[in-house]
Amino acid sequence: MATGLLAAALSLAAPAVASAEPADGAGQSWLPSLVTDTPEEGFALAVKLSQKGVAKTQPDADVRKTLRPKYARDADSLISASQVIATHFRTIAEANDYWR
């Protein structure tokens, strides 16, 4: 599977992220911490990390949209995207001491 296809597949998990820069433009970090209150928030952060990786790898939103039909029905691409999210979630879970 092509690298571009994997990157595009990651954006399927949630709405596309246009940029990896801070949204507020004030120079504040979009990722101040990996600590979250709940596993659900941790999973949402894992998805966001995956989206940011896609946007950084392929900054052209039009290219990502063009690739979407190629991966949206490809089970291998979707599984690969899930694996990336799972890796991020594992890191976040460890940072949160597994919410103990």
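Q: Would you explain helix α2 (residues 39–57) in this entry?
A: Residue pairs three or four apart in sequence face the same way in an α-helix, which turns once every 3.6 residues. Compared with an ideal rise of 1.5 Å per residue, which puts 19 residues at 27 Å, α2 spans 27 Å between its outermost C-alpha atoms and is within 8% of the ideal. Every buried residue of α2 is accounted for by Gly42, Leu45, Ala46, Val47, Leu49, Ser50, Gln51, Lys52, Val54 and Ala55.

Q: How should I be thinking about the environment of Arg100 in this particular structure?
A: Mapped onto the fold, Arg100 is located in the segment after α4 (75–95). Along the backbone, Arg100 and Thr38 are 62 residues apart, and their C-alpha atoms lie at a distance of 10.0 Å.

Q: Sorry if this is basic, but what is going on with unusual backbone geometry here?
A: Leaving glycine aside, a negative phi is the common case for residues, and trans is the common case for peptide bonds. With a phi angle near 50°, Asp97 is a residue other than glycine that sits in the positive phi range. The residue Asp97 is located in the segment after α4 in this model. When its relative accessible area of 45% is taken as the criterion, Asp97 is described as partly exposed. Its identity is not glycine, yet Trp99 carries a phi of approximately 55°, on the positive side. By secondary structure assignment, the location of Trp99 is in the segment after α4.

Q: It is not clear to me how the packing of aromatic side chains should be interpreted in this structure. Could you clarify?
A: One pair of aromatic rings is described through two measures. These are the centre distance and the angle between the planes. If you walk through the whole model with that rule in mind, you get two aromatic pairs. The interplanar angle of 70° and the centroid separation of 5.9 Å between the aromatic rings of Phe43 and Phe89 together place this pair among those described as edge-to-face. On the criterion of sequence distance, the pair formed by Phe43 in helix α2 and Phe89 in helix α4 is long-range, its members being 46 residues apart. Exposure remark for Phe43: the relative accessible area of 44% places this residue in the partly exposed category. Ring plane angle 20° and centroid distance 5.7 Å describe the contact between Phe89 and Trp99, whose orientation is recorded as stacked. Of this pair, Phe89 sits in helix α4 while Trp99 sits in the segment after α4, and the two are ten residues apart along the sequence.

Q: When you look at the nonpolar core in this model, what are you seeing that I'm missing?
A: Where a protein is soluble and globular, its nonpolar side chains tend to be buried together. Among the nonpolar cores identified, the biggest contains six residues, and these are Leu45, Ala46, Val47, Leu49, Ile85 and Ile92. A per-element tally of this core places α2 first, with four residues.

Q: Please clarify how the packing of α2 against α4 should be interpreted in this entry.
A: At a minimum axis separation of 8 Å, α2 and α4 run at an interaxial angle of 130°. Regarding the angle of α2 to α4, the classification is oblique. In terms of crossing hand, the pair formed by α2 and α4 is right-handed. Between α2 and α4, the contacting residues are Pro39, Gly42, Phe43, Leu45, Ala46, Val47, Leu49 and Ser50 on the first element and Val84, Ile85, His88, Phe89 and Ile92 on the second. In the contact of α2 with α4, the residues fall into ten nonpolar, three polar and no charged.

Rules used throughout
Residues numbered from 1 in each chain as written. Predicted model: local features only at pLDDT ≥ 70, side-chain atom pairs only at ≥ 80, totals over all residues. Heavy atoms only, no water. Helix = DSSP H or I, 4+ residues; strand = E, 2+ residues; numbered from the N terminus. Expected span 1.5 Å × (residues − 1). Buried < 20%, exposed > 50% of the residue type's maximum accessible area, 1.4 Å probe, protein only. Phe/Tyr/Trp six-rings, centres within 6.5 Å; stacked < 30°, edge-to-face > 60°. Core = buried A, V, L, I, M, F, W, Y, C linked by side-chain atoms within 4.5 Å. Axes fitted to C-alpha atoms, helices over the stretch in contact; angles between N-to-C directions. Parallel < 35°, antiparallel > 145°, perpendicular 65-115°, else oblique. Left-handed = near helix turned anticlockwise from the far one by under 90°. Contact = heavy atoms within 4.5 Å. Nonpolar A, V, L, I, M, F, W, Y, C, P; charged D, E, K, R; others polar.

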